[in-house]
Amino acid sequence: MTARMGTARLGPAERSAALAQMESAELDVVVIGGGVVGAGVALDATTRGLSVGLLEARDFASGTSSRSSKLIHGGLRYLEQLNFDLVREALQERALLLQRIAPHLVRPVPFLFPLTHLGWERPYVGTGLVMYDTLGFSTGLARGVPGHRHLSRRRALRLAPALRRTAFSGAVQYWDAQVDDARYVMTMLRTAAGYGAHVASRAQVTGFLREGERVTGVRVRDLETGTDLEVRARQVVNATGVWTDEIQELVGGRGQIHVRASKGVHLVVPRDRIHSLTGIILRTEKSVLFVIPWGRHWIIGTTDTRWDLDKVHPAASRSDIDYVLEHVNAVLSVPLTRDDVEGVYAGLRPLLSGESEETSKLSREHVVAHPVPGLVMVAGGKYTTYRVMAKDAVDAVAHGLHQRVPPSCTDRIPLAGAEGHQALWNSRERLARSSGLHVARIEHLLQRYGSMIDEVLALIEEDPSLGRPLTGADDYLRAEVVYAATHEGARHLNDVLARRTHIAIETFHRGLAVAEEAAALLAGPLEWDDEQVKREIEYYTKRVEAERLSQEQDTDHEADAIRLGAPDIVPFAAPETNLA
Ligand SMILES: Cc1cc2nc3c(=O)[nH]c(=O)nc-3n(C[C@H](O)[C@H](O)[C@H](O)COP(=O)(O)OP(=O)(O)OC[C@H]3O[C@@H](n4cnc5c(N)ncnc54)[C@H](O)[C@@H]3O)c2cc1C
């Protein structure tokens, strides 16, 4: 299974083997949840020498971890709240991710902060950004991004001609970093598998194995086959984000962590709709709104509203979309309309609420708890600091194992594709010549696969038709669809269109125009017959239609009801209720 240390395939055969391995012997740790936190825990634990399994109920990163603003940042907001430790920690992580752990996936991004108040605002924002830049100098590593600079209105307009002249008086530009959030999680899981972790998607934890009080493992439904299995482990880690409380229910509600969900909606518009060479950050009544460069697009968001409805498919309503448009239009000289919106996505923030006194509160943002012997819970935090959350969770696991476990070493573990990436980037002209692909295409591939680009190019060498772009989504090659199934754990059409690529939010047709071609490409590696190909397209089409319609509704309840009208291709199992 392991091609080289730190790189593994996550194809269908590897998934079956992982489930069989998990069933066959007691593991040190089993992780529930394949978002950024669960993936981080799996990598941390396996690189400390522990035997690890990870179970994800849906597709990897299909929860919050594919629906974020995709920023690796300290958070200017926390700075304003004077939470310096949190900002410092996040900026140290930013430097590590940019320069050592995933330079192929994480890259610097500039933001313009338009100033609207004469007098006090420039010194106020300027002081904050001096601190932001200084706190960014971490232990031994450079900051990884340029420092901020002050701009007059005229210079700011040269960078961002789309801004309305009268909407601001001057600006400050600063730098943060961005990432393809879903891709990062999947790459981390490939890395963990390369170090020996067993990982499986569409494997839902339905209950716990118990010996008295102690949790000794989990019951699992393989949602692809409908079979049930038991996975025994000395420690179980619950890393299920907004589903934390549901998992807690399975141990009789004995947990100490409570998580509630807050919805954040983003819009995607084509790059040419906003004429700017830089991202933009705007203050809103409650928080901030980002306009983030994203390939040939802009991502604009987000909102922040309480959400108590379906967590699997949080729905964006017309009001959410109007809110984002209204706020961005306040500063644009040519306003955006709904017709400019290519894609919309909604995610749920896992916010900690009402934890009890016993909870070991490790930072203002995330918690780790050991509610019953054998079970560790980790929740809260943000994407940027997943590695710290994972380290804290595995420290708690080590405590529960009653054995000496080495300290976390993930600050020195580059993700799959990172090693050799710089050399390949420097050789991209040569790679373009030898592969026959345009250099811009090679750059795009290097920023998605790093040094694993050779595996994608090998597919094209074997079958040159895979070197063609997808018709209707020409940012992506046909080979990338095949590779998603053979190496990246994609099992359904939606996994490929929504997470391995982002065609579902980057095209006005939202993936419908490529669904047939992509499904045909997946049929071979995933062993689909004609019937399954048809089903995949049908389910995908229904999903897109339901999403579009839900986005016409005024309220969350109406949007949710319509979105739920499109069923999942792999239905979820009812969890056990009698295990307490
Ligand atoms: C709108 C928005 C914008 C954000 N922007 C940023 C940002 O720019 N930068 C930043 O640092 N952070 C950001 N965040 C926060 C960040 O995205 C989250 O903190 C992070 O992704 C949470 O990851 P997680 O692994 O805890 O949860 P998730 O990604 O939700 O993972 C939990 C997983 O558990 C699985 N699961 C649930 N039940 C079961 C079961 N029974 N069996 C097996 N698996 C199960 C789910 O399917 C899911 O995949 C943002 C969040 C939102 C909502």
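1. Focus on empty space enclosed by the protein
- The tally for this structure, following the rule as stated, stands at three cavities of 30 Å³ or more.
- Looking at the largest cavity, its volume works out to about 90 Å³.
- Lining the largest cavity are 14 residues, and of these L10, G11, R15, F60 and G489 lie nearest its centre.
- When residues of the lining of the largest cavity are traced back to their parent elements, those giving at least two are helix 1 (12–24) and strand 9 (198–200).
- No other element matches the three residues that helix 1 contributes to the lining of the largest cavity.

2. A word on unusual backbone geometry
- In this model, G301 is joined to T302 through a cis peptide bond whose omega is 25 degrees.
- Along the polypeptide, T302 turns up in the loop between strand 16 (297–301) and strand 17 (305–306).
- With a phi close to 65 degrees, A61 is a non-glycine residue in the positive phi region.
- Topologically, A61 is positioned in the loop between strand 4 (52–55) and strand 5 (71–72).
- Classification of A61 by relative accessible area gives buried; the value is 1%.
- Backbone geometry places R510, a non-glycine residue, at a positive phi of 55 degrees.
- On the secondary structure map, R510 appears in the loop between helix 17 (503–506) and helix 18 (515–526).

3. Section: the site of the ligand
- In the vicinity of the ligand there are 37 residues, among which E56, R58, S65, L71 and T384 approach most closely.
- S65 has a polar side-chain atom sitting 2.5 Å from an oxygen atom of the ligand.
- With respect to the ligand, the backbone of Y383 contributes an N or O atom lying 3.1 Å from an oxygen atom.
- If you list the elements that add at least two residues to the shell around the ligand, you get helix 2 (36–46), strand 10 (203–211), strand 13 (259–270) and strand 18 (343–352).
- When its residues are assigned to classes, the shell around the ligand shows 13 nonpolar, 18 polar and six charged.

4. Points about the layout of surface pockets
- Roughly 720 Å³ of internal volume is contained in the second largest pocket.
- Those elements that place two or more of their residues in the lining of the second largest pocket are strand 18, helix 16 (493–500), helix 17 and helix 19 (530–550).
- Top contributing element to the lining of the second largest pocket by residue count: helix 19, with six residues.
- For the lining of the second largest pocket, the per-class residue count stands at 19 nonpolar, eight polar and 12 charged.

5. Concerning the pattern of salt bridges
- The final tally for this structure, using the stated rule, is 39 salt bridges.
- We note a salt bridge from E488 to R183, for which the minimum N-O separation is 3.0 Å. A residue pair is termed long-range when its members are at least 10 positions apart, and E488 in the loop between helix 15 (478–486) and helix 16 and R183 in helix 7 (residues 181–194) qualify at 305 residues. A single burial state applies to E488 and to R183, both of which are buried.

6. Brief notes about a positive patch on the surface
- Taken together, the side chains of R149, R154, R155 and R158 define a basic patch exposed on the protein surface.
- Ranked by residues supplied to the positive patch, first place goes to helix 6 (residues 153–159) with three residues.
- Examined against the element boundaries, R154 turns out to sit in helix 6.

7. Section: the nonpolar core
- In this structure, L50, V106 and Y184 are the most contacted members of the largest nonpolar core, which totals 57 residues.
- Put simply, the parts of the chain that give this core at least two residues each are strand 3 (27–32), helix 2, strand 4, helix 4 (84–101), strand 8 (170–179), helix 7, strand 21 (375–380) and helix 10 (386–401).
- The element contributing the most residues to this core is helix 10, with nine residues.
- Ignoring sequence-local partners within four residues, the contact set of Y184 consists of L97, I101, A102, L105, V106, V179, Y383, Y386 and L415.
- Counting residues in each nonpolar core, the second largest holds 46 residues, with W425, L477, A484 and W528 among its members.

8. Overview of the pairing of strand 3
- Among the six residues that make up strand 3, six are buried, leaving the element largely enclosed by the rest of the structure.
- Where strand 3 and strand 12 (residues 227–238) come together, five bridges link them in parallel fashion. Each residue of the ladder has a partner; that of V29, found in strand 12, is Q235.
- Pairing between strand 3 and strand 4: four bridges, direction parallel.

9. Considerations on the confidence of the model for the protein
- Mean pLDDT over the protein works out to 94, with 95% of the residues at or above the 70 mark.
- The low-confidence segment residues 356–363, where pLDDT is below 50, has 12 contacts with residues more than four positions distant or belonging to other chains.

10. Details of helix 2
- Taken across its 11 residues, helix 2 has 11 buried, putting it largely inside the fold.
- Next to the buried residues of helix 2 lie strand 3, strand 4, helix 7, strand 12, strand 21 and helix 10.

11. Observations concerning the environment of L445
- Considering the arrangement of structural elements, one finds L445 in helix 13 (residues 439–449).
- Linking L445 and V456, residues 11 residues apart in sequence, is a C-alpha distance of 8.5 Å.
- With residues up to four places along the chain from it excluded, the contact list for L445 reads L437, G450, I453, L457, L477 and E480.

12. Things to note about the packing of helix 12 (residues 428–435) against helix 13
- Running from N to C, helix 12 and helix 13 cross one another at 110 degrees; their axes reach a closest spacing of 9 Å. The angle between helix 12 and helix 13 places the two elements in the roughly perpendicular class. The crossing of helix 12 and helix 13 is right-handed. Across the interface between the two elements, R428, E429, L431, A432 and S435 of helix 12 pack against V439, I442, E443 and L446 of helix 13.
- Here the contact of helix 12 with helix 13 is built from residues that sort into five nonpolar, one polar and three charged.

Scoring rules and cut-offs
Residues numbered from 1 in each chain as written. Predicted model: local features only at pLDDT ≥ 70, side-chain atom pairs only at ≥ 80, totals over all residues. Heavy atoms only, no water. 1 Å grid on protein atoms, 1.4 Å probe; cavity = no way out; pocket = protein on both sides within 12 Å on 5 of 7 lines; lining within 4 Å. Points joined across faces, edges and corners; volume = space filled by probe spheres on them. Helix = DSSP H or I, 4+ residues; strand = E, 2+ residues; numbered from the N terminus. Buried < 20%, exposed > 50% of the residue type's maximum accessible area, 1.4 Å probe, protein only. Near = heavy atom within 4 Å. Polar contact = N/O pair within 3.5 Å; in protein donor to acceptor, adjacent residues only side chain to side chain. Nonpolar A, V, L, I, M, F, W, Y, C, P; charged D, E, K, R; others polar. Salt bridge = Lys/Arg side-chain N within 4 Å of Asp/Glu carboxyl O. Patch = residues over 30% accessible without salt bridge, like charges linked within 9 Å, V, L, I, M, F, W, Y side chains within 5 Å. Areas by Shrake-Rupley, 256 points an atom, 1.4 Å probe, with all protein chains shown as cover. Lys, Arg positive; Asp, Glu negative; His and termini not counted. Charge placed at Lys NZ, Arg CZ, Asp CG, Glu CD. Core = buried A, V, L, I, M, F, W, Y, C linked by side-chain atoms within 4.5 Å. Contact = heavy atoms within 4.5 Å. Pairing = 2+ DSSP bridges. pLDDT = per-residue confidence, 0-100. Axes fitted to C-alpha atoms, helices over the stretch in contact; angles between N-to-C directions. Parallel < 35°, antiparallel > 145°, perpendicular 65-115°, else oblique. Left-handed = near helix turned anticlockwise from the far one by under 90°.

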